[in-house]
Amino acid sequence: MARKMIFADTSKCTGCKACTVACKEWNDLPAEKTHLIESYQTMKDFTPKTWTYVTFIELYRNKTMDFFMRKAQCFHCGDPACLKACTSKAISKSADGLVVIDQDKCIGCGYCAENCPFGVPKVDAVRKKAYKCTGCVDRVENGLTPACVQTCQPGALQYGEREALLAKAKERLNEVRRRYPRARLYGEQEMGGTTYVYLLLDAPEVYHLPQHPAVPVSLTLWQDVIRPVGTVAVGGAAAAVVVGVLGNLLRGGYRREGGPPDGGERRSAKGGKK
Amino acid sequence: MAAEDRQGKGSKSSAAAEQDRVLRFTRGERFSHWVHAISFFLLLITGLGILSLWFRPVLSLFGGVQAARVIHRVVAVIFVVVVAAMFFIGDPRYHWEWLKSAFSFSKADRRHIGAFPKEFFGGHGEYPPQGKFNGGEKINSLLTIFGSVFITLSGIVMWFRGSFPPGLVRWAYPIHDLSMFVMTAAVIGHMYLGLLHPDSRASIFGMLNGYVPVKFAQSHHAAWYNEVKSTGNRFHL
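Residues numbered from 1 in each chain as written. Chains lettered and ligands numbered in written order. Predicted model: local features only at pLDDT ≥ 70, side-chain atom pairs only at ≥ 80, totals over all residues. Heavy atoms only, no water.

- Going by what an unreviewed UniProt entry lists, chain B is known as Cytochrome b subunit of formate dehydrogenase and is assigned to Acididesulfobacillus acetoxydans.
- Its UniProt record gives chain B a comment under Subcellular location (unreviewed entry), which states: "Cell membrane". (UniProt positions renumbered as here; feature names shortened; annotations may be inferred.)

- Chain A has the name Formate dehydrogenase iron-sulphur subunit in an unreviewed UniProt entry, where Acididesulfobacillus acetoxydans is given as its organism.
- Recorded under Subcellular location (unreviewed entry), the UniProt text for chain A is reproduced unchanged: "Cell envelope".

What follows is the structure, given as structure tokens:
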């Protein structure tokens, strides 16, 4: 299956939050008490009951106010740091690009949460499992679009083949740039190309997104260098011990010693000098 | 912790036996060694079960993954606090002198390290008389000291990760694992020399009842043994 993509055109987002509601409905996530964070934003971060929410940023420039709204959820990276960090093989990537946490395999260690450059996965302290947006993998694999895409009224979310949708996104970018010269696509190249690709109206920093998200160097060092080299080193130490025992046997070390040691509690009649 | 520690098999410590063996490790030293050793292995097993799916089934011995995570933390506190406390209570002098000796390498120590590979594999290397800890043991001590410090610091960051910046928490994982690999490789060699190597395995008694055979002391720690015999000072760097 060719890689799919969700095009999140923030220029069309009206901040209605229907995506949050649709997500909750499909995934059986109950409503929870919300608080006003800033502007019209009512969620500060993901919770076990809320896997997607809309961030609102108000920017005042040249006596005009701009709303920068963005639906936040897992980006579903092409090169996911969470998958690399997981020591339980609980995170997998589907052929069409969705990154999913297997709840049965997850032990809630939180390595994924610490290594995601976007801070998406969280550990549910009660269930001791990591959670995040599944990309509605159970819908997508049955020929449906993700619930958020399905419900989006202004058409800010579109689902389709990556190649075709990227071309469409670039066309749209050209239009939007007339009004927002700093607009850009975010996720085309980042993290190996993310499944959710955004058309942002301004620089990523304005949206509190990392400018250059990357798999942490510490994670690559850990999984690709320290773990394999360390395993070989420990195996090498064990092999050296085997060689040492054989060497001592061959050189007669055990015979020279005159039997097992006795801690000097008994006087041994015979025994090597060394 | 009496410096002149005579516990052990009381009935056997007759005058004749005393001539054959010499006290190397006091009760306090042995206590710290075994607290460190036992907690290290418990931490290793519970940690490997989290780190690797290959070891994961072992965690069922501890009551499952979540129980193992709690045990790992409880044992970690013992690993750090008990051994650290031994540097201040009881008779801590020998702990500090061990620490000092690990950081002071003499020419004799360096020569011993040069001869170490040959000795390790059953050959006979030439080296000058060694102190209470020979060059190889000092290397093992250093690996243990630095391994313990780094695994403790990174472990604190991992345990209380909400209180540290993500950039620091991310580095704690590779540091924790690197320390583990270094100490595991070291302990494999350490156990071989203490339990299996014909020339050095008599040293295990120093960690069991405190005494090592005089013959062993003379051939492996001659400088220390002569000091003990002539001055009664059982510590010699």
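**Focus on the interface of chain B and chain A**
Logical step 1: If you look at the interface, chain B gives 52 residues, while chain A gives 51 residues.
Logical step 2: Buried surface at the junction of chain B and chain A, summed over both partners, amounts to about 4300 Å²; 60% is from carbon and sulfur atoms.
Logical step 3: Its largest share of buried area at the contact with chain A, chain B owes to B:F121, B:R170 and B:F181, together 15% of the area lost on that side.
Logical step 4: In this structure, the connection of chain B to chain A is made through one salt bridge.
Logical step 5: For the pair chain B and chain A, the interface holds 12 residue pairs in polar contact (both at pLDDT 80 or more).
Logical step 6: At the level of secondary structure, the elements contributing two or more residues to the side of chain B that touches chain A comprise α1 (15–20), α2 (27–51), α3 (65–85), α5 (107–120), α7 (166–196), β2 (211–213) and α9 (214–220) of chain B.
Logical step 7: Of the residues in the side of chain B that touches chain A, the class split is 27 nonpolar, 12 polar and 13 charged. (Contact = heavy atoms within 4.5 Å. Buried area = accessible area lost by both parts, 1.4 Å probe. Salt bridge = Lys/Arg side-chain N within 4 Å of Asp/Glu carboxyl O. Polar contact = N/O pair within 3.5 Å; in protein donor to acceptor, adjacent residues only side chain to side chain. Helix = DSSP H or I, 4+ residues; strand = E, 2+ residues; numbered from the N terminus. Nonpolar A, V, L, I, M, F, W, Y, C, P; charged D, E, K, R; others polar.)

**Notes on the confidence of the model for chain B**
Low pLDDT means the predicted coordinates in that region are not meant to be read closely.
Logical step 1: Of the residues in chain B, 90% have a pLDDT of 70 or more, and the chain-wide mean is 89.
Logical step 2: Segment residues 1–16 of chain B is flagged for pLDDT under 50; beyond a separation of four residues in sequence, or across chains, it makes 26 contacts in the model. (pLDDT = per-residue confidence, 0-100.)

**Concerning the sheet that holds strand β9 (residues 184–186) of chain A**
Residue and element names in this part refer to chain A.
Logical step 1: Spatially, the four strands line up as an open sheet ordered β8-β1-β10-β9, and their pairing is mixed. A strand with exactly one partner marks an edge of an open sheet, and here the two such strands are β8 (157–161) and β9. When the angles between neighbouring strand axes are averaged without regard to direction, this sheet yields 25 degrees.
Logical step 2: When β9 meets strand β10 (residues 196–200), the two strands line up antiparallel, connected through three bridges. Directly across from Y186, in β10, lies its bridge partner Y198.
Logical step 3: Strands β1 (4–9), β8, β9 and β10 of the sheet are contacted by helix α6 (residues 162–177), whose axis makes an angle of about 140 degrees with β8. (Pairing = 2+ DSSP bridges. Axes fitted to C-alpha atoms, helices over the stretch in contact; angles between N-to-C directions.)

**Side note on the environment of B:A115**
Logical step 1: Relative to the helices and strands, B:A115 is located in helix α5.
Logical step 2: Placed 20 residues apart in sequence, B:A115 and B:H95 show a C-alpha to C-alpha distance of 27 Å.

**Some thoughts on the nonpolar core**
Logical step 1: Residues A:Y111, A:F118 and A:L199 are the most contacted members of the largest nonpolar core, which totals 84 residues.
Logical step 2: With eight residues, the top contributor of residues to this core is α7(B).
Logical step 3: Residues in contact with A:F118, not counting those within four places in the same chain, are A:F75, A:C77, A:Y186, A:M191, A:L209, A:P210 and A:P213. (Core = buried A, V, L, I, M, F, W, Y, C linked by side-chain atoms within 4.5 Å. Buried < 20%, exposed > 50% of the residue type's maximum accessible area, 1.4 Å probe, protein only.)

**Quick notes on the pattern of salt bridges**
Logical step 1: Applying the stated criterion across every chain yields a total of 15 salt bridges over all chains.
Logical step 2: Between A:R172 and A:E175 there is a salt bridge, and its shortest N-O distance comes to 3.0 Å. Residue A:R172 and its partner A:E175 are both found in helix α6; the two are separated by three residues, about one turn of the helix.
Logical step 3: Looking at A:R172, the relative accessible area reads 23%, which means it is partly exposed.
Logical step 4: Given the relative accessible area of 41%, A:E175 is considered partly exposed.
Logical step 5: In this structure, B:K132 and B:E29 form a salt bridge, with 2.9 Å as the shortest nitrogen-oxygen distance. Placement of B:K132 in the loop between α5 and α6 (135–159) and of B:E29 in helix α2 is noted, with a sequence separation of 103 residues between them. The two residues B:K132 and B:E29 agree in class, both being buried.
Logical step 6: Through salt bridges with shared partners, a single ionic network connects A:D9, A:R172 and A:E175.

**Focus on the packing of aromatic side chains**
Logical step 1: Across all of its chains, the model carries 24 aromatic pairs over all chains by this definition.
Logical step 2: On the basis of an interplanar angle of 50 degrees and a centroid distance of 6.1 Å, the ring pair of A:Y40 and A:F56 is categorised as tilted. Of this pair, A:Y40 sits in the loop between α1 (18–26) and β2 (53–61) while A:F56 sits in strand β2, placing them 16 residues apart in sequence.
Logical step 3: The exposed category is assigned to A:Y40, whose relative accessible area is 53%.
Logical step 4: Residue classification places A:F56 among the buried positions, given a relative accessible area of 2%.
Logical step 5: Between B:W54 and B:F55, the ring centres sit 5.1 Å apart and the planes meet at 75 degrees, which makes this aromatic pair edge-to-face.
Logical step 6: Put simply, the rings of A:F75, A:F118, A:Y186 and A:Y198 pair up and form one aromatic cluster. (Phe/Tyr/Trp six-rings, centres within 6.5 Å; stacked < 30°, edge-to-face > 60°.)

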